[in-house]
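So you can see what is in the structure, the chains are spelled out below.
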Amino acid sequence: MLNFTSYNKGTKTILNFFKKIFQATDEQALVPQGEVKIYTRDEHNVSRSQISENALKVLYRLKKSGFQAYLVGGCVRDLLLGQEPKDFDVVTDASPEQVKSTFRNCRLIGRRFRLAHVYFGREIIEVATFRGSENLQSEHQKVHEDGRLLRDNVFGTLEEDVWRRDFTVNALYYNIEDFSIVDYTGGMQDHADSLLKLIGDPQTRYREDPVRMMRAIRFAAKLGFKMDPETEQPIAELANLLGGIPAARLFDEILKLFLNGQAQQTFELLRHYDVFAVLFPATDQCLATQEHEFPRLFLAKALENSDKRIADGKTVTSYFLMAAFLWEPLQMRIKEKLAADENETAAYQDAANEVLAQQVKITAIPKRITQSMREVWFMQPRFLRRKGVRPYRLLTHPRFRAAYDFLLLRAETGGAEAELAEWWTRFHQADEAEQKRMTRPTRNNKKKRNSRRTGKQKQRQN
Ligand code: ATP
Ligand code: MG
C-alpha cells in the first residue's frame, strides 16, 4: 500500500481535498474526513482477466481520451470476493456529454442524475460522472423535510464521489491507470473482515435514502457479511420511512432482494429488522397471527426452491414468488367471502382484486406480473376438478407448469392434499390411455352430473 504522499498522480486532487476539509464549515457536514489508501496491483486480487472485455474497452477508451476512469461499486466488491459481478459500473471525470462524444454506441439517461450507457450488444456499461458534495441546501441538492434526497445532481471529483456511496465495501475504485484500488473509507479492511458498514452517520444516510436499509439487508444476505452494529441498529426504527419511497422503485428493489440467490436468508433478515411488515403488510399480518404454521413454511419453501433454481442456473419468475407472498392474504379474504355466500369464482376474483390493489400501492407490481399471479392463483381450485375434459384444459394452459409447481409447494407444506399433487404429477406424465382412465367420471360423478343437468333443464323449463 502506498501512502498518499508517494502517490503522484492523485497528489494534486488529494491536496485539494484536504484544503476543502480545512475550509469546511458546519453546514458542510457531508464533506468527508479520511485518508486515502492506495492498494497497488500486487496488493489485491482483482485481475483484468475477470473484468468484462467491454468494461475494459470503456475504461481504456476514456483513459486514451485523457480522462480518469475507474470501476466502482458492486463489481469491485464482487471481484475481490472472486465472484462474477452482475454488471460493471464505471466512473470518470468526463461529463456525460464528453462520454457521449467519446463513444458511438452511447446514450444518456436519467433525470435525477445524468448517466451514460454504452451499449455492446446485450451488455450495457454504465458510465457515471463523479458526483460532488455541495451544501445540503444548495440548489442542486434538494432535501425533503424527512431528510430524503430528492435531487442530487452536482458533478465532482473522486474524493467527493466516495462519500455519496452507501457502504464502505461499495466505495472501492479500481483505477485503469495503474490497476490499483483507491480506498478512502477503509472498505478494503471491512471487506477482509466481511463487514458491511454504512459510510457516514447511519441515521442521516438512511433518512436521505431509506432504500439503503433494503440494500443493507440484501448485501448482508448475498455476501454473507455481518452488519456493523451502528449500521444495523437504526433499521428497525426507521423501516417505516420505506413507505415514502415511490412504489415503482420499491418493486425493483424487491426483485433484487428475492432474485439474488439468497432469498430465504433475505426473508429472515427482512422480518428480523421489521422491514418485511412495511413491504408486505398483509402477508406480515398473516405470519404474525400464527394461527397455523403453513404460511411460514410455504413461503420459506418457495424461497428455498427459488434459491436452488438460481444455484442450478435455472430461471426464476418474479410472478411465482409474488403469487407465493400474497397467497395467504388471498386465502383469508376468500374465506371471508365464501362465508358471506359469494360463489367460488367471484370470491377468488374479488379477493385477488383487493389483495393486489393494496399491494401495488406499496410495490408497483406491473400488470403483466399481476396477470400471471392471478392465473397461478385461479388454477389452484381448478386442480380439484379431475374428471371429464377439465384436467386436459388445465394441461394446455400456458401457466400450467407454474401453477402445478405452486400446487406441489402447497402440498409439500401442508396447504393441499398430497394425494392431489401426486395425481397431477401422474396425470401430466401419463400416456393418452392412462389419462383417459384417470379422468373417466365415476358413477357418483355421473349421477351428480345427471341430476345437475336435470336441475338446469328444470330451470329452463320454468
Ligand atoms: P449489485 O449490482 O451487485 O446489486 P451494487 O453495489 O453494484 O450491487 P448498484 O445498484 O449497481 O449496486 O449500484 C452501484 C453502486 O452505486 C453501489 O455499489 C454504490 O456505491 C452506489 N449506490 C447505489 N445505490 C446507492 C444508494 N441508494 N445510496 C448510495 N450509494 C448507492
Ligand atoms: Mg452493480
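Worth saying up front: this structure is predicted, and the values here are computed from it rather than measured.

Here we look at the site of ligand 1
Near ligand 1 you find 17 residues, and of these Lys-86, Arg-165, Asp-209, Arg-212 and Arg-218 are the closest. Arg-165 has a polar side-chain atom sitting 2.9 Å from an oxygen atom of ligand 1. Against a free-state accessible area of 580 Å², the protein chains account for coverage of 83% of ligand 1. When contributions to the shell around ligand 1 are tallied by element, the ones reaching two or more residues are helix H3 (74–80) and helix H8 (211–223). A per-element tally of the shell around ligand 1 places H8 first, with 5 residues.

So, helix H22 (residues 418–429)
Between the first and last C-alpha of H22 there are 17 Å, a value that for 12 residues agrees with the 16 Å anticipated at 1.5 Å per step. Taken together, the buried positions of H22 are Leu-420, Ala-421, Trp-423, Trp-424 and Phe-427. Taken end-on, H22 shows its buried residues confined to a sector of 155 degrees, consistent with a single buried face. The inward-facing, buried residues of H22 abut helix H20 (390–395), helix H21 (400–412) and helix H23 (432–439).

Observations regarding the packing of H8 against helix H11 (residues 247–258)
Running from amino to carboxyl end, H8 crosses H11 at an angle of 5 degrees, the nearest separation of the two axes being 10 Å. In terms of orientation, H8 and H11 fall into the roughly parallel class. Contacts between H8 and H11 involve Val-211, Met-214, Arg-215 and Arg-218 from the former and Arg-249, Leu-250, Glu-253, Ile-254, Lys-256 and Leu-257 from the latter. Residues that form the contact of H8 with H11 fall into these classes: 5 nonpolar, no polar and 5 charged.

Some remarks on H21
For H21, with 13 residues, the first-to-last C-alpha span of 18 Å sits near the 18 Å given by 1.5 Å per residue. For H21, the set of buried residues is Phe-400, Ala-402, Ala-403, Tyr-404, Phe-406, Leu-407, Leu-409, Arg-410 and Ala-411. One or two residues past the end of H21 sits Gly-414, with phi positive at roughly 90 degrees.

Considering unusual backbone geometry
In this structure, Ser-194 is a non-glycine residue whose phi angle is positive, near 55 degrees. Considering the arrangement of structural elements, one finds Ser-194 in the loop between helix H6 (187–192) and strand E11 (195–196). The partly exposed category is assigned to Ser-194, whose relative accessible area is 29%. One non-glycine residue with positive phi stands out, namely Asp-341, at about 75 degrees. On the secondary structure map, Asp-341 appears in the loop between helix H17 (327–339) and helix H18 (344–362).

Here's the deal with the confidence of the model for the protein
Overall, the predicted model of the protein reaches an average pLDDT of 87, with 83% of residues at or above 70. For residues 135–139, every residue scores under 50 in pLDDT, and the model assigns this stretch 7 contacts once sequence neighbours within four places are set aside.

Considerations on the pairing of strand E5 (residues 115–120)
Here E5 lies mainly inside the structure; 5 of its 6 residues are buried. Examined bridge by bridge, strand E4 (residues 106–109) and E5 share 4 bridges and lie antiparallel to one another. What sits directly across from Cys-106, in E5, is Val-118. Here E4 folds back onto E5, and the loop between the two strands holds 5 residues, one of which, Gly-110, carries a positive phi near 90 degrees. Bridging between E5 and strand E6 (residues 123–129) involves 6 bridges; their strand directions are antiparallel. Bridging from a neighbouring strand, Leu-115 pairs with Ala-128 of E6.

Thoughts on the nonpolar core
Phe-258, Val-275, Phe-325, Met-373 and Trp-377 are the most contacted members of the largest nonpolar core, which totals 69 residues. Top element by residues in this core is H8. It accounts for 9 residues. Listed in part, the 33 residues of the second largest apolar core include Phe-67, Leu-80, Val-99 and Val-118.

Considering the side chain of Arg-77
Examined against the element boundaries, Arg-77 turns out to sit in helix H3. Engagement of the side chain of Arg-77 in a polar contact is seen with the side chain of Asp-78, the distance being 3.0 Å. Setting aside its immediate chain neighbours within four residues, Arg-77 contacts Val-169, Asn-170, His-191, Phe-219, Lys-222 and Leu-223.

Conventions we followed
Residues numbered from 1 in each chain as written. Chains lettered and ligands numbered in written order. Predicted model: local features only at pLDDT ≥ 70, side-chain atom pairs only at ≥ 80, totals over all residues. Heavy atoms only, no water. Near = heavy atom within 4 Å. Polar contact = N/O pair within 3.5 Å; in protein donor to acceptor, adjacent residues only side chain to side chain. Areas by Shrake-Rupley, 256 points an atom, 1.4 Å probe, with all protein chains shown as cover. Helix = DSSP H or I, 4+ residues; strand = E, 2+ residues; numbered from the N terminus. Expected span 1.5 Å × (residues − 1). Buried < 20%, exposed > 50% of the residue type's maximum accessible area, 1.4 Å probe, protein only. Arc of directions from axis to C-beta. Contact = heavy atoms within 4.5 Å. Axes fitted to C-alpha atoms, helices over the stretch in contact; angles between N-to-C directions. Parallel < 35°, antiparallel > 145°, perpendicular 65-115°, else oblique. Nonpolar A, V, L, I, M, F, W, Y, C, P; charged D, E, K, R; others polar. pLDDT = per-residue confidence, 0-100. Pairing = 2+ DSSP bridges. Core = buried A, V, L, I, M, F, W, Y, C linked by side-chain atoms within 4.5 Å.

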